[in-house]
Amino acid sequence: MREHKAKLSLLSILSDGQFHSGERLGEQLGISRAAIGKHIQGIQAWGMDIYRVQGKGYRLNKPIELLDQARLESKTSVPISLIPIIDSTNQYLLDKGEECQSGEVCIAEYQAKGRGRRGREWVSPFGSNLYMSMYWQLEAGMAAAMGLSLVIGVSVVEALEQLGVEDVKLKWPNDLYYQDRKLAGILIEMSGQAGGAANLVIGMGMNLSMSGEQGGITQPWVSLDEVLGDHRIGRNQLASAIINAWQDSLEQYEYQGMNGFVERWNRLDNFISREIKLLMGSRVVSGIAQGINEQGAVLIETDKGIESYIGGEISLRSCDTKEQ
Ligand code: ATP
Ligand code: BTN
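Reference entry: report on the structure contained in this document. (Residues numbered from 1 in each chain as written. Chains lettered and ligands numbered in written order. Predicted model: local features only at pLDDT ≥ 70, side-chain atom pairs only at ≥ 80, totals over all residues. Heavy atoms only, no water.)

Things to note about the environment of L268
- With respect to the secondary-structure elements, L268 resides in helix α9 (residues 262-268).
- Residues L268 and D167, 101 residues apart in the sequence, show an inter-C-alpha distance of 8.5 Å.
- Look past the residues within four positions of L268 in its chain and what remains in contact with it is V154, V157, E161, V168, K169 and L170. (Helix = DSSP H or I, 4+ residues; strand = E, 2+ residues; numbered from the N terminus. Contact = heavy atoms within 4.5 Å.)

Structural data, given as structure tokens:
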């Protein structure tokens, strides 16, 4: 972290979106202008758009609200580690393992090795998105983890609705979609088992103000800024609302499992009644999506009737798009 201290101090000055001269920045940080130039390059490598205008200095292309541990903690009731620069928030909690307490959160501004399902890359530039994970010891054990991932997705969309965000939908098993583009992805990993309980790490990346070409993303995506239009939600407010929603839904899930949950999912299912295909290795099943059942399996109406599929190796795709 110490090696990033100067860059993070620079970013906190630049976060207002105004011009700051290299000379003044150097004075504020107690380093040379040349050193400022080098740090600016490092910040650009984290995916931040910084401009330099002769005679005016440096400026971010737009102001950003940095994450603030004290603000997050004042709005939630779980331990939070804000680690601005990290490999992966999921990996951090997986490594910490049983030292974590249920509900503990790790949140970051930038991930050098953010990952999605099956080891795919999760593009994680600095400051423009949310990257967060929560550790949870699930008493119901590993068998219940599949249902849990659906419950977590629903809890995030419902939390967004409470903040006035409309029309965000879900793609089975755990993506958030807006107008057929990916807004967020959820990744649940297991750090081990203690007795019958499963130690889980629940991670989510949500695009907030990411823009431009993003190498590494091979499918249509969207940022929350576009969903919101003129409406604005602060990153700290959003993160704390989601942390609270996760905690509530995890506690509820421990008591009642998927009871009464199918309707909540089906209301938000992006593909319900639409033509989809399920990819399972080399096998493809095509049909009409019919939501989920009580076990959290995806239902698809094929020539043979309604079939259910469950498991981590299944990918759902719309038949309207050509992506695989
Ligand atoms: P699946 O249904 O198999 O989960 P998926 O395409 O959603 O399919 P995931 O592994 O869930 O795949 O997500 C990782 C994929 O998400 C990557 O392959 C990449 O194309 C895409 N991706 C990576 N970063 C982002 C991001 N910030 N926003 C949107 N999509 C991203
Ligand atoms: C997916 O759609 O495949 C899931 C993406 C999950 C990304 C989040 S970002 C926070 C947490 N840390 C990671 O390395 N991955 C998850």
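Focus on the layout of surface pockets
- The volume enclosed by the largest pocket comes to roughly 710 Å³.
- Of all the secondary structure elements, the ones that give two or more residues to the lining of the largest pocket are α5 (89-96), β7 (129-138), β10 (181-194), β11 (197-207) and β16 (315-318).
- Two domains share the lining of the largest pocket, each providing at least three of its residues, namely domain 2 (69-267) and domain 3 (271-318). (1 Å grid on protein atoms, 1.4 Å probe; cavity = no way out; pocket = protein on both sides within 12 Å on 5 of 7 lines; lining within 4 Å. Points joined across faces, edges and corners; volume = space filled by probe spheres on them. Domains from an automatic or database assignment.)

What about empty space enclosed by the protein?
- Counted according to the given criterion, the structure contains 2 cavities of 30 Å³ or more.
- Roughly 50 Å³ of internal volume is contained in the second largest cavity.
- In terms of lining residues, the second largest cavity is bounded by V151, S249, Q252, Y253, Q256, G257, N259, F261 and R264.
- Element by element, the count of residues in the lining of the second largest cavity is highest for helix α8 (residues 235-256), at 4 residues.
- The residue inventory of the lining of the second largest cavity, partitioned by class, reads 3 nonpolar, 5 polar and 1 charged. (Nonpolar A, V, L, I, M, F, W, Y, C, P; charged D, E, K, R; others polar.)

Comments concerning the pairing of strand β5 (residues 105-108)
- Residues V105 and I107 line one face of β5 and the alternating positions C106 and A108 line the opposite face, and both faces are buried.
- Pairing geometry for strand β3 (residues 80-82) and β5, over 3 bridges, is parallel. Pairing of S81 across the sheet is with C106, part of β5.
- Where β5 meets β7, 4 bridges bridge the pair, whose relative direction is antiparallel. Residue pairing across strands places I107 opposite M132, the latter belonging to β7. (Buried < 20%, exposed > 50% of the residue type's maximum accessible area, 1.4 Å probe, protein only. Pairing = 2+ DSSP bridges.)

What to know about the site of ligand 1
- For ligand 1, the set of nearby residues contains 18 residues, the closest of which are R120, K182, N207, T218 and S315.
- A distance of 3.0 Å is found between an oxygen atom of ligand 1 and a side-chain nitrogen or oxygen belonging to D175.
- Within the complex, the protein chains bury 96% of what would otherwise be the 620 Å² of accessible surface of ligand 1.
- Here ligand 1 is seated within the largest pocket.
- Taken together, the residues of the shell around ligand 1 sort by class into 5 nonpolar, 5 polar and 8 charged. (Near = heavy atom within 4 Å. Polar contact = N/O pair within 3.5 Å; in protein donor to acceptor, adjacent residues only side chain to side chain. Areas by Shrake-Rupley, 256 points an atom, 1.4 Å probe, with all protein chains shown as cover. Sits in = over half its atoms within 2 Å of the grid points.)

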